[in-house]
Amino acid sequence: MTTESVSARELVYRRLQPNAHVPDLETYKRMHRESVENPEGFWGEIAKGFYWNTPPTGAILDYNFDVTKGKVYVNFMKGATTNICYNLLDRKKQESDWEEKIAYYWEGNEPHDCSTITYSQLLKEVCKFANVLRSLGVQRGDRVAIYLPVIPEMIYSMLACARIGAVHSVVFAGFSAESLCDRILDSQCMLLVTADGFYRGEKLIQLKQIADDALEKCKRKKGFVMKKCIVVHHLGNKLRSGQEQAHCKVLPLLCNPDIDVCWDVLMKGASEQCEPEWVDAEHPLFILYTSGSTGKPKGVLHTVAGYLIYTAISFKYVFDYHADDVYWCTADIGWITGHSYVIYGPLTNGATSIIFEGLLVYPHMGRLYEMIEKYKVTKLYTAPTVIRMLMKFGEEPVRKFNLKSLKILGCAGEPINPEAWTWYYNVIGDGQCPIMDTFWQTETGGPMITPLPAAIPLKPGSATFPFFGVLPAILNEHGEELQGEAEGYLVFKQPWPSILRTIYGDDERFEMTYFKQFPGFYLTGDRCRRDGDGYYWITGRIDDMLNVSGHLLSSTEVESALAEHSAVAEVAVVSHPHPVKGECVYCFVTLKDGMELTQSISDELKNKVREKIGPIATPDFIQNAPGLPKTRSGKIMRRILRHIACNEKELGDISTLIDPAVVEVLFSQRCQAAA
Ligand code: WT7
């Protein structure tokens, strides 16, 4: 870091201080200390800002993290009853600007296709749909599957479930029929909400057809209790010319007359008044599936009160929310980031957000920037993979738009390499906006390790310090807690309000996955380093570690070094068996447009790694990768890359990849010298 950049960053965060909820490091430290030393007092005080139909009767936080002492459990605000939808939508009704305040700007795949939803409209639609659900026999505790594109009906459906105490299980609209079927069966959903279809860029996705396939697959299996399938007619006259063929398939929307029902027809007669169902603080709110190491997805279960409070206050502090903000989290609602920071966190705070159906590079590379300018976005939350993709197209598309409204930037989901961090900071943020690199998981509900914009000086690539209520520790493989500068397993020593309560239907797997290896700690599955200043650096998943000649290396660390080379757009590193070293480093490198992987670039890349990490980490193999196998959330599937590196054609399930075709291309270009 140069001296100028340090002082520039200093200015950036000073600029935010006068108005910030946490104005400086001292305040952060004081609040954090209180939150972990006296969680009862800390959360008890925050809970006063929400609506409780019955106040808590017992301890605010009651738990057991130690499997050797009995079942693992967490109770937050025991005895209290509430309704999360009421807290989001009805609680602020009295405020003067509530009626007309915009909750969402919705923008469709095509730039001209957009609408706005005010808080009062949102409440009405949610109440109507809640009444629809009740009329179809959905009761508290029942599971409802939601398989929709990013359209307002997605939000109405989720909040309607919450209003009547039903449990939503959103399945990302990019998942296959097979995946949808597995998820419906695993949590015995009695109702499905879906849509005819939607466009992603040029591509028409016929969602209803996939949903029908899924239901067909489910039918004869254990756990099938589906009563109704509600279909949103979203495509309307959006079908393009030349798509008549597809049109014909989409039109017979309600082709299974015994279960299919039309959203519009149901909503027409529904009342706009709907009494919320008052539920226990620990009542289940939603299930969201996330991949597990065994291949069977885990149904992560979150509960009402803890999730409400944690998403609300993390949104407020991490993005330093103010009433005039326009907030944009680019994540699909089908992921935890969408649940927490498109819906629950922003709405509880009364924020105005953007929801976007389309692709960030359609119809042109500058769509993200165009929308920032159009809506005057002040806070932007996205993923490192998005930033790296945009980097490939360079600065020119950015310069065409005015991004001066931006104040704070965020990212989540994977480690951000310093090169992408710096590009995000300098090019998108114009050196004016601090970057919140937030570390968390589907299981945690909200950020665990995260900067706060005006309080915590940044180090590119570090998620910095724990959020309120979070007490991290670093353990060695014997489960001993390491002090000071250290590297090892990242664990949490006590619960925070929005920790998952179980894996749906499988308490045993819940305990096995998170609590068995180190009793008394929640195991994240990530490795982490704490530096001399106490900053936390996530160094990658436990299973993405490389062991070269007995030295543990993080694939992320090697990737960061390679990504610093100016020719590199994206890179993934995996371990490869080696006769002498045990494992060696195999790299898949995507170069920027127009570049070619020559011998000299290959040598330069090896030198970069030698320089940044040391000779031990020098790659043995560097392969050209026109694309990388990614899940729909943008995660690179290193498991597949390990197979490719070894020329093993048995890949197992690759149905979760965005583009399975990339696998063949990578096989054809693999380094022949690798065994
Ligand atoms: C895993 C969780 C952020 C929620 C959406 C993803 C990795 C997440 C970071 C970060 C380094 C990160 C971890 C974690 N991860 N955020 N800021 N820096 N790594 O949720 O799909 O459950 O994935 O993503 O490995 O365990 P998820």
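Quick look at the structure, then. Numbering of residues starts from 1 in each chain and follows the order in which that chain's sequence is written. Given that this is a predicted model, residues contribute local features only at a pLDDT of at least 70 and side-chain atom pairs are listed and counted only at 80 or more, while totals for whole chains, interfaces and linings are drawn from all residues. Hydrogen atoms and water are omitted, and side-chain values are computed over all heavy atoms in the structure.

### A closer look at the overall build of the protein chain
No. 1: Regarding its fold elements, the protein chain presents 21 helices and 31 strands.
No. 2: The globule rule used for comparison is 2.2 Å times the number of residues to the exponent 0.38, while the radius of gyration itself is calculated over C-alpha atoms. The globule rule puts the C-alpha radius of gyration for 675 residues at 26 Å, and the 25 Å found for the protein chain is close to it.
No. 3: With respect to the principal axes defined by its C-alpha atoms, the protein chain has extents near 70 × 60 × 55 Å.
No. 4: Relative accessible area decides the class of each residue, using a 1.4 Å probe on protein chains only: under 20% of the type maximum gives buried, over 50% gives exposed, and in between gives partly exposed. Buried positions account for 61% of the 675 residues belonging to the protein chain.
No. 5: For the protein chain, long-range pairs separated by at least 24 residues make up 72% of all intrachain contacts whose partners lie at least 6 apart in sequence.
No. 6: Put simply, the protein chain shows about 26300 Å² of open surface, and 50% of that area lies on carbon and sulfur atoms.
No. 7: By the counting scheme adopted, Arg and Lys are positive, Glu and Asp are negative, and His together with the chain ends is not counted. A charged residue contributes its charge at one atom only: NZ of Lys, CZ of Arg, CG of Asp or CD of Glu. In the protein chain, 71 positive and 82 negative side-chain charges are present, and the distance between their average locations comes to 2 Å. Secondary structure elements follow DSSP: runs of H or I of four or more residues count as helices, runs of E of two or more count as strands, with numbering from the N terminus. By definition, residues are in contact when any of their heavy atoms lie within 4.5 Å. Surface accessibility follows the Shrake-Rupley procedure with a 1.4 Å probe radius. Residue values consider only the protein chains on display as shielding.

### Focus on the pattern of salt bridges
No. 1: The rule for a salt bridge is simple: a side-chain nitrogen of Lys or Arg has to be within 4 Å of a carboxyl oxygen of Asp or Glu. Inspection of the entire model under this criterion finds 27 salt bridges.
No. 2: A salt bridge links Asp90 to Arg163; the shortest N-O distance between them is 3.0 Å. With Asp90 in helix H4 (residues 84–90) and Arg163 in helix H6 (residues 152–163), this pair connects stretches of sequence that are 73 residues apart. This pair shows no difference in class: Asp90 is buried, exactly as Arg163 is.
No. 3: Asp533 is the partner of Lys459 in a salt bridge, and the nearest nitrogen-oxygen pair spans 2.6 Å.

### Some thoughts on helix H5 (residues 119–135)
No. 1: End to end, H5 covers 24 Å across 17 residues, agreeing with the expected 24 Å (1.5 Å per residue, within 8%).
No. 2: Counting buried positions over the 17 residues of H5 gives twelve, a clear majority of the element.
No. 3: Taken together, the buried positions of H5 are occupied by Tyr119, Ser120, Leu122, Leu123, Val126, Cys127, Lys128, Phe129, Ala130, Asn131, Val132 and Leu133.
No. 4: One or two positions beyond H5, positive phi appears at Gly137, with a value near 95 degrees. In a helix, the anticipated span is given by 1.5 Å times the number of residues less one.

### Observations concerning unusual backbone geometry
No. 1: A cis amide bond, omega -5 degrees, links Tyr362 with the succeeding residue Pro363.
No. 2: Following the sequence through the fold, Pro363 ends up in the loop between strand S17 (352–356) and helix H13 (367–375).
No. 3: Its identity is not glycine, yet Gln188 carries a phi of approximately 45 degrees, on the positive side.
No. 4: Of the residues examined, Gln188 reaches a relative accessible area of 29% and is grouped as partly exposed.
No. 5: Its identity as a non-glycine residue notwithstanding, Thr464 has a phi of 65 degrees, on the positive side.
No. 6: A relative accessible area of 0% places Thr464 in the buried class.

### Quick look at empty space enclosed by the protein
No. 1: Lining residues are those with an atom within 4 Å of a point, where the points come from a 1 Å grid over the protein atoms alone and group into cavities, where a 1.4 Å probe fits but cannot get out, or pockets, open sets with protein on both sides within 12 Å along at least five of seven lines. Grid points are joined across faces, edges and corners, and a volume is the space filled by probe spheres set on the points. One pass over the structure, following the stated rule, counts three cavities of 30 Å³ or more.
No. 2: Considering only enclosed or pocket space, the largest cavity measures out at about 50 Å³ in volume.
No. 3: What lines the largest cavity is Val150, Trp328, Cys329, Thr330, Ala331, Asp332, Ile333, Val342, Ile354, Ile355 and Phe356.
No. 4: Mapped by element, the contributors of at least two residues to the lining of the largest cavity are strand S16 (326–329) and S17.

### With respect to the site of the ligand
No. 1: Residues in close proximity to the ligand total 18 residues, the closest being Asp437, Thr438, Gln441, Thr442 and Asp526.
No. 2: Polar contacts, as counted here, are pairs of nitrogen or oxygen atoms within 3.5 Å of one another; within protein the pair requires one atom able to donate a hydrogen and one able to accept it, and residues that are adjacent in sequence qualify only if both atoms are side-chain atoms. One of the backbone N or O atoms of Gly413 is found 3.0 Å from a nitrogen atom in the ligand.
No. 3: Tallied by class, residues from the shell around the ligand come to six nonpolar, six polar and six charged. Here a residue is near a molecule or strand as soon as one of its heavy atoms is found within 4 Å of it. Each residue gets one label: Ala, Val, Leu, Ile, Met, Phe, Trp, Tyr, Cys and Pro are nonpolar, Asp, Glu, Lys and Arg are charged, and the others, such as Gly, are polar.

### Focus on the packing of helix H2 (residues 25–37) against helix H3 (residues 39–47)
No. 1: Direction vectors running N to C along H2 and H3 enclose 110 degrees, while the axes themselves pass 5 Å from each other. By the angle between their directions, the pair H2 and H3 is classed as roughly perpendicular. Within the contact between the two elements, H2 uses Met31, Glu34, Ser35, Val36 and Glu37 and H3 uses Pro39, Gly41 and Phe42.
No. 2: Partitioned by chemical class, the residues of the contact of H2 with H3 number four nonpolar, two polar and two charged. Between the N-to-C directions of two axes lies an angle of 0 to 180 degrees, each axis being a line fitted to C-alpha atoms and, for a helix, fitted only over the stretch in contact. The cut-offs work like this: below 35 degrees is roughly parallel, past 145 is roughly antiparallel, 65 to 115 is roughly perpendicular, and the gaps in between are oblique.

### A short note on the packing of H3 against helix H11 (residues 304–318)
No. 1: Relative to each other, H3 and H11 sit at 85 degrees, their axes nearing to 11 Å. Looking at the two axes, H3 sits roughly perpendicular to H11. Counting all contacts with H3, which are made through Trp43, Ile46 and Ala47, the residues of H11 involved are Ile309, Tyr310 and Ile313.
No. 2: Tallied by class, the residues present in the contact of H3 with H11 amount to six nonpolar, no polar and no charged.

### Describing the sheet that holds strand S11 (residues 228–232)
No. 1: When DSSP finds two or more bridges between a pair of strands, those strands are recorded as paired. In space, the eight strands of this open sheet follow the order S12-S11-S8-S6-S7-S14-S15-S24, with mixed pairing throughout. With partners counted over all chains shown, the strands left at the sheet margins are strand S12 (260–262) and strand S24 (502–503), one partner each.
No. 2: Pairing of strand S14 (residues 284–290) with strand S15 (residues 298–303) involves six bridges; the strand directions are antiparallel. Bridge assignment links Thr290 to a residue of S15, and that residue is Lys298.
No. 3: The strands touched by H11 within the sheet are S14 and S15, with S15 carrying the most contacts at an inclination of about 80 degrees.

### Looking at the packing of aromatic side chains
No. 1: Pairing of aromatic rings covers Phe, Tyr and Trp, the last counted by its six-membered ring, and requires centre-to-centre distances within 6.5 Å; plane angles under 30 degrees mean stacked, over 60 mean edge-to-face, and any other angle means tilted. In the structure shown here, the tally under the stated rule is 44 aromatic pairs.
No. 2: Grouping aromatic residues by their ring pairs yields a cluster made of Tyr28, Phe42, Trp43, Phe76, Tyr310, Tyr317, Phe465, Phe467, Phe468 and Tyr535.
No. 3: To sit over a ring, a charge needs its Lys NZ or Arg CZ within 6 Å of the ring centre and within 35 degrees of the ring normal. A cation over an aromatic ring shows up here: Arg183 above the ring of Phe175, its NZ or CZ 4.3 Å from the ring centre.
No. 4: Above the plane of the ring of Tyr489 lies Arg527, whose end atom (NZ or CZ) is 5.7 Å from the centre.

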